[in-house]
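Examination of the molecular architecture
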Amino acid sequence: MAALGWLTPRRRSATARSVLAGEASAEAARKSTQEVLEREPEFPVPGDERAAAFFDLDNTVMQGAALFHFGRGLYKRKFFDTRELARFAWQQAWFRLAGVEDPEHMQEARDSALSIVQGHHVSELQSIGEEIYDEYMAERIWPGTRALAQAHLDAGQRVWLVTAAPVEIATVIARRLGLTGALGTVAESVDGVYTGKLVGEPLHGPAKAEAVRALALAEGLDLTRCAAYSDSHNDIPMLSLVGHPYAINPDSKLRKHARQMDWRLRDYRTGRKAAKVGIPAAAGVGAVAGGTAAAIALHRKRR
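Cut-offs applied
Residues numbered from 1 in each chain as written. Predicted model: local features only at pLDDT ≥ 70, side-chain atom pairs only at ≥ 80, totals over all residues. Heavy atoms only, no water. Buried < 20%, exposed > 50% of the residue type's maximum accessible area, 1.4 Å probe, protein only. Helix = DSSP H or I, 4+ residues; strand = E, 2+ residues; numbered from the N terminus. Phe/Tyr/Trp six-rings, centres within 6.5 Å; stacked < 30°, edge-to-face > 60°. Salt bridge = Lys/Arg side-chain N within 4 Å of Asp/Glu carboxyl O. Contact = heavy atoms within 4.5 Å.

1. Regarding unusual backbone geometry
- In the Ramachandran plot, D191 falls in the positive-phi region, its phi being about 55° despite a non-glycine side chain.
- Its relative accessible area of 77% is what places D191 among the exposed residues.
- Backbone geometry places N249, a non-glycine residue, at a positive phi of 45°.
- Checked against the element boundaries, N249 lands in the loop between strand 7 (244–248) and helix 10 (252–261).

Okay, structure coming up:
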C-alpha cells in the first residue's frame, strides 16, 4: 500500500498566508456583489404607485405600423378599393425597409385613414378593431417588449401605450395586452360619427412628451420614477422626460443618442434586420390629438 501513497491527497494545514488569501478573496467577492447591487437597483420597484411605464407602439411593442395593419383589415371589409390598398402596402414597405420617415407618406396615411372612416360610427370601428387585432396584430407583438411591460404590471405599476396610431386601435391593443390604457389618435366625431377631421394635431415628437406630462399630472405620477420605451429618435423628448428611458429596437439616431446618454438598449430584431440598425420606426403615422387634450380626454374617460 505504501507504493500507492502518491495516489492519496496529502492533507495540508492552512498557512497564515493562505488564510489571508482566502479572506481577501471572499471580501473582494462580497464588495463586487454589493457594487453590482448598488449600480443595478431593483427595477421596476414593486409597490411604487407613483411610478408608471410609457411604451411607444410601432416597432417598439409591435412589428410594423398599427395604422397599416388596420388598413388591411378595413380593406378586407370593403371600406376602400384596391388602389387604396396598394398605397397602404407601399407606405408600409417604405416604413419597414427604407430607413427614413417620409413626411409625404405620413401625411397621405393620415388623410387616407380620415377619409376612410368619415361617416362611420365610432362603435363600429371599435368592434372591427378587435377583429383586426386578432387577424393582423397579435402575432406581431414583440415578446421581449411584452415581457418588459409585464414586469411593470407585476410590480403593481400602470402601463400606457403612447402612440400616433388612432386611439381606437391603441385602446384595443392596450386592453388585449392587459395594459392600463393608451394615448393615441383622437379623430373628431359628432353624435358618435366620424367627421373626417382631427381634434388637435398628430401626437408626434414633443407632443408625446406633453401627453405623458399631462397624464402624469392627472394621475399623480413622479416622472423621475417612471420609465419610457421607444424605437425612434422622434421620441427622444418623451424618453428624456422620465428617469428610466429605454431604447427598444432603436433606429441609428436613437441608438447613438442612447449611448451618449448611457440609456439602456434592447434589440429584439433578428438576423439581417437587427444588423440594419438604421431602420427607424415611423412615429407620426395616423391622426392623433395634441398631447394635453389626449391626456385629459383619457383621464376623463377612465373616471
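2. Details of the packing of aromatic side chains
- Tallied over the full model, the rule gives three aromatic pairs.
- Consider the rings of F55 and Y229, whose centres lie 4.1 Å apart with planes at 5°: the pair is stacked. Note that F55 is positioned in strand 1 (residues 52–55) and Y229 in strand 6 (residues 227–230), a separation of 174 residues in sequence. As far as the burial class goes, F55 and Y229 line up, both buried.
- Seen from their ring centres, Y229 and Y246 are 4.6 Å apart, and the 25° between their planes marks the pair as stacked. With a gap of 17 residues between them, Y229 in strand 6 and Y246 in strand 7 connect regions that are remote in the sequence.

3. Observations regarding the pattern of salt bridges
- Summed over all chains, the structure comprises 15 salt bridges.
- The residue R77 makes a salt bridge to E135 at a minimum N-O spacing of 2.8 Å. Linking R77 in the loop between helix 2 (66–76) and helix 3 (82–97) with E135 in helix 5 (residues 122–137), this pair joins segments that are 58 residues apart in sequence.
- With a relative accessible area of 22%, R77 lands in the partly exposed category.
- Classification of E135 as partly exposed rests on a relative accessible area of 30%.
- Across the pair D222 and R225 runs a salt bridge whose closest N-O atoms are separated by 3.4 Å.

4. Some details on the environment of P44
- Considering the arrangement of structural elements, one finds P44 in the loop between helix 1 (16–39) and strand 1.
- Owing to a relative accessible area of 11%, P44 belongs among the buried residues under this scheme.
- In this structure the C-alpha to C-alpha distance between P44 and L153, which are 109 residues apart in sequence, comes to 9.2 Å.
- Aside from chain neighbours lying at most four places away, what touches P44 is A151, H152, A155 and Q157.

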